[in-house]
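# Structural description and commentary
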Amino acid sequence: MLQRFWEKIEDLHQRKIPFVVYRKPNKNKLVSMAQQSRDIHYVRDFTETGFVFAPFDGKKQAILIRPDELHRVVYPPKENKGPGPKGLPIVAQDQKTFHINLVTKGIAEIDLGTLKKVVLSRKTEHPCTENPIQLFQKLLDTYFSAFCYLWYHPRIGLWLGATPELLLKANGTGFTTVSLAGTQKYEGKPPIWKKKELEEQSLVTNYISEALATKIKEFEISELESIKAGNLWHLRTSISGRTGTIQIGELIKILHPTPAVCGIPRVAAKEFILKNENYDREYYTGFLGMLNFKDSESITELFVNLRCMQVRDEKGIIYVGGGITQESIPESEWQETIDKSSTMLNILLNRD
């Protein structure tokens, strides 16, 4: 059954049919969704049904893969041998210099009072000749607690990832979102969080709560917790409530992009990112997932597109970033991007 499932996915890829394969966090079921045509279907108002793939820049349209063909198969979790490729590639000095200067510029804007926080990112390119389906299987076997996906459209490209961050889960009028910020490398023991990381997480939680309060009367904020995602620790707070009369599309506009991937104030942070990062994030830090689609207990379940990679022209393009606050140290922020890049480099470089 499982072998036939993978053969079907390979056939879709070879025939250049738009498809997505995904597994929800801590689940053992794989779901594949394919549409009959190669047309690009755009999301108009989030009342559509299917799998949505949205860019970071909300001015650009989100893509919808329609559920013309569905398959489900059990994929038992395998032993996690632990993250970490045999050797990380050496990063060019000019890349490091550019990112450290970018972070320094972001801190200067925060000192001026223009921003409270800004999330700054970069991309790296690596040779990639391995079959993307095999890369995806490695993701599944390594990151059981993440939302793992392989997404393909012949007119857009191929992306895969293992993201730890929920954007929105909604069923009926009930919803849940999360505030996820702060990062430490996993060292075999629970983390001790520093002022910068706690402040960053608090900024995200407060901003989301205040934004929701403009439209939603009642919601609950959970206690702060530490969660492990691959070889990283993060701080997380869950926020749950009832949507009342507002629609999913309006709720998504409130949340995306969250301060965890953009900054505070959102408009000013986004302008700074688009002006200074010097590359197009495309779908990195956008969102993806099931939209108005009945799958087990959920109707809509969307995730922020973190820890992801684009495969193009025999290259794996890996995207990483981090939140910058007044307490940030540029060299430390550079190292955080190195730590985060290991999630996908572990998959790309490990050929065992």
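Residues numbered from 1 in each chain as written. Predicted model: local features only at pLDDT ≥ 70, side-chain atom pairs only at ≥ 80, totals over all residues. Heavy atoms only, no water.

## Details of the overall build of the chain
Going by this rule: By the criteria applied, helices consist of DSSP H or I runs no shorter than four residues and strands consist of E runs no shorter than two, each listed in order from the N terminus. With C-alpha atoms as the basis for the radius of gyration, the globule rule is written as 2.2 Å multiplied by the number of residues raised to the power 0.38. Using a 1.4 Å probe on the protein chains alone, a residue whose accessible area is under 20% of its type maximum counts as buried, one over 50% counts as exposed, and one in between counts as partly exposed. Here the accessible surface of atoms and residues is derived via Shrake-Rupley with a 1.4 Å probe, and residues count as covered only by protein chains that are part of the display. Counting rule applied: Lys, Arg positive; Asp, Glu negative; His and chain ends not counted. Positions of charges follow a simple convention, taking NZ of Lys, CZ of Arg, CG of Asp or CD of Glu.
When helices and strands are counted, the chain shows seven helices and 19 strands. On C-alpha atoms alone, the chain measures out to a radius of gyration of 19 Å, which is about the 20 Å that the 2.2 N^0.38 rule sets for 352 residues. Expressed as lengths along the three principal axes of its C-alpha atoms, the size of the chain is roughly 55 × 50 × 40 Å. Burial status across the chain gives 57% buried among its 352 residues. Put simply, the chain shows about 15,900 Å² of open surface, and 49% of that area lies on carbon and sulfur atoms. The averaged location of the 42 negative side-chain charges in the chain is 3 Å from the averaged location of its 47 positive side-chain charges.

## Structural notes on the sheet that holds strand E7 (residues 117-127)
This is how the line gets drawn: Any two strands with at least two DSSP bridges between them are considered paired. Residue contacts follow a heavy-atom distance rule, with two residues in contact if any of their heavy atoms lie within 4.5 Å. Under this scheme, a helix contributes an axis fitted over its contacting stretch, all axes are lines through C-alpha atoms, and angles between N-to-C directions fall in the 0 to 180 degree range.
Spatially, the nine strands line up as an open sheet ordered E6-E2-E1-E8-E9-E18-E19-E7-E15, and their pairing is antiparallel. Since the sheet does not close on itself, it has two edges, and those belong to strand E6 (69-74) and strand E15 (263-264), each with one partner. The sheet strands contacting helix H2 (residues 93-112) are E7 and strand E19 (315-324), and the helix crosses E7 at an angle near 170 degrees. The strands touched by helix H3 (residues 132-142) within the sheet are strand E1 (19-23), strand E2 (29-34), strand E8 (147-153), strand E9 (157-163) and strand E18 (308-312), with E8 carrying the most contacts at an inclination of about 165 degrees.

## Quick notes on the packing of aromatic side chains
Defined as follows: In summary, the pairing rule links any two rings of Phe, Tyr or Trp, Trp by its six-membered ring, whose centres are within 6.5 Å, and it sorts them by plane angle into stacked for under 30 degrees, edge-to-face for over 60 and tilted for everything else. When the NZ atom of lysine or the CZ atom of arginine is within 6 Å of a ring's centre and also within 35 degrees of its normal, the charge is said to sit over that ring.
On inspection of all chains with the given rule, the structure shows 18 aromatic pairs. Seen from their ring centres, Phe-53 and Trp-159 are 6.1 Å apart, and the 65 degrees between their planes marks the pair as edge-to-face. Of the two residues, Phe-53 sits in strand E4 (residues 50-54) while Trp-159 sits in strand E9, which places them 106 residues apart along the sequence. Of the residues examined, Trp-159 reaches a relative accessible area of 0% and is grouped as buried. Members of the aromatic cluster, joined through ring pairs, are Phe-53, Tyr-149, Trp-151, Trp-159, Tyr-279, Tyr-283, Tyr-284 and Tyr-319. Note that Lys-228 overlies the ring of Tyr-186, its terminal NZ or CZ placed 4.6 Å from the centroid. If you follow Arg-281 out to its NZ or CZ, it ends over the ring of Phe-56, 4.4 Å from the centre.

## Some remarks on empty space enclosed by the protein
Heads up, the condition is: As defined here, a cavity is a set of points on a 1 Å grid over the protein atoms alone where a 1.4 Å probe fits but cannot get out. A pocket is an open set with protein on both sides within 12 Å along at least five of seven lines, and residues line them when an atom is within 4 Å of a point. Grid points are joined across faces, edges and corners, and a volume is the space filled by probe spheres set on the points. In the scheme used here, Gly and all other residues not listed as nonpolar or charged are polar, with Ala, Val, Leu, Ile, Met, Phe, Trp, Tyr, Cys and Pro taken as nonpolar and Asp, Glu, Lys and Arg as charged.
Tallied over the entire structure, the rule returns two cavities of 30 Å³ or more. Taken as a whole, the largest cavity encloses approximately 200 Å³ of empty space. Around the largest cavity, the lining comprises 22 residues; the ones closest to its centre are Ala-260, Leu-306, Arg-307, Gly-321 and Lys-340. Of all the secondary structure elements, the ones that give two or more residues to the lining of the largest cavity are E7, strand E11 (174-185), E19 and helix H7 (330-349). A total of five residues in the lining of the largest cavity trace back to one element, the largest contributor, which is E19. Its residues assigned to classes, the lining of the largest cavity comprises nine nonpolar, seven polar and six charged. Reported here for the second largest cavity is a volume of approximately 60 Å³. As for the second largest cavity, its lining consists of Tyr-143, Ala-146, Ala-162, Thr-163, Pro-164, Ala-229, Gly-230, Arg-307 and Thr-343.

## Quick look at the state of the cysteines
A covalent bond between the sulfur atoms of two cysteines is referred to as a disulfide. Under the convention used in this document: Throughout, disulfides are identified as pairs of cysteine sulfur atoms within 2.5 Å of each other.
In total, this model carries zero disulfides according to the counting rule given. Here Cys-148 is not disulfide-linked; the sulfur of Cys-308 is the nearest cysteine sulfur, at 12 Å. Between Cys-262, a free cysteine, and Cys-308, which holds the nearest cysteine sulfur, the sulfur-to-sulfur gap is 16 Å. Note on Cys-262: relative accessible area 0%, which makes it buried.

## Remarks on the packing of helix H1 (residues 2-14) against H3
The test is simple: These descriptions rest on fixed angle ranges, namely under 35 degrees for roughly parallel, over 145 for roughly antiparallel, 65 to 115 for roughly perpendicular, and the rest for oblique. Crossing handedness: left-handed means the near helix sits turned counterclockwise from the far one by under a right angle, and right-handed means the same turn made clockwise.
Between H1 and H3, the least distance of the axes is 10 Å, while the angle of their chain directions is 135 degrees. Considering their axes alone, H1 and H3 lie oblique with respect to each other. Read as a crossing pair, H1 and H3 show a hand that is right-handed. Side by side, H1 and H3 meet where Trp-6, Ile-9, Glu-10 and His-13 of the first sit next to Pro-132, Ile-133, Phe-136, Gln-137 and Leu-140 of the second. Taken together, the residues of the contact of H1 with H3 break down into six nonpolar, two polar and one charged.

## Quick word on the side chain of His-256
Within the secondary structure, His-256 sits in the loop between helix H5 (248-255) and E15. Among the residues examined, His-256 registers a relative accessible area of 12% and is labelled buried. If we ignore the near neighbours within four places in the chain, the residues touching His-256 are Pro-55, Phe-56, Leu-167, Arg-266, Thr-285, Gly-286 and Phe-287.

## Section: the packing of H3 against H7
The geometry of H3 relative to H7 is characterised by a closest axis approach of 9 Å and an angle of 125 degrees between their N-to-C directions. Looking at the two axes, H3 sits oblique to H7. The handedness of the crossing between H3 and H7 comes out as right-handed. From H3, Leu-135, Lys-138, Leu-139 and Thr-142 reach across to H7, where they touch Met-344, Asn-346, Ile-347 and Leu-348. Here the residues of the contact of H3 with H7 sort into five nonpolar, two polar and one charged.

## Notes on helix H6 (residues 266-276)
Side chains that are three or four residues apart share a direction in an α-helix, a result of its 3.6 residues per turn. Inclusion rule: To obtain the arc, one takes the directions from the helix axis to the C-beta atoms.
Among the residues of H6, Arg-266, Ala-269, Lys-270, Phe-272, Ile-273 and Asn-276 are the ones counted as buried. All buried residues of H6 fall inside an arc of 160 degrees around its axis, so they share one side. In this structure, H6 carries Val-267, Glu-271, Leu-274 and Lys-275 as exposed residues pointing more than 90 degrees from its buried face. Where H6 is buried, its residues meet H2, E7, helix H4 (195-213), H5 and E15. Trailing H6 by a residue or two, Asn-278 shows a phi angle of about 70 degrees, which is positive.

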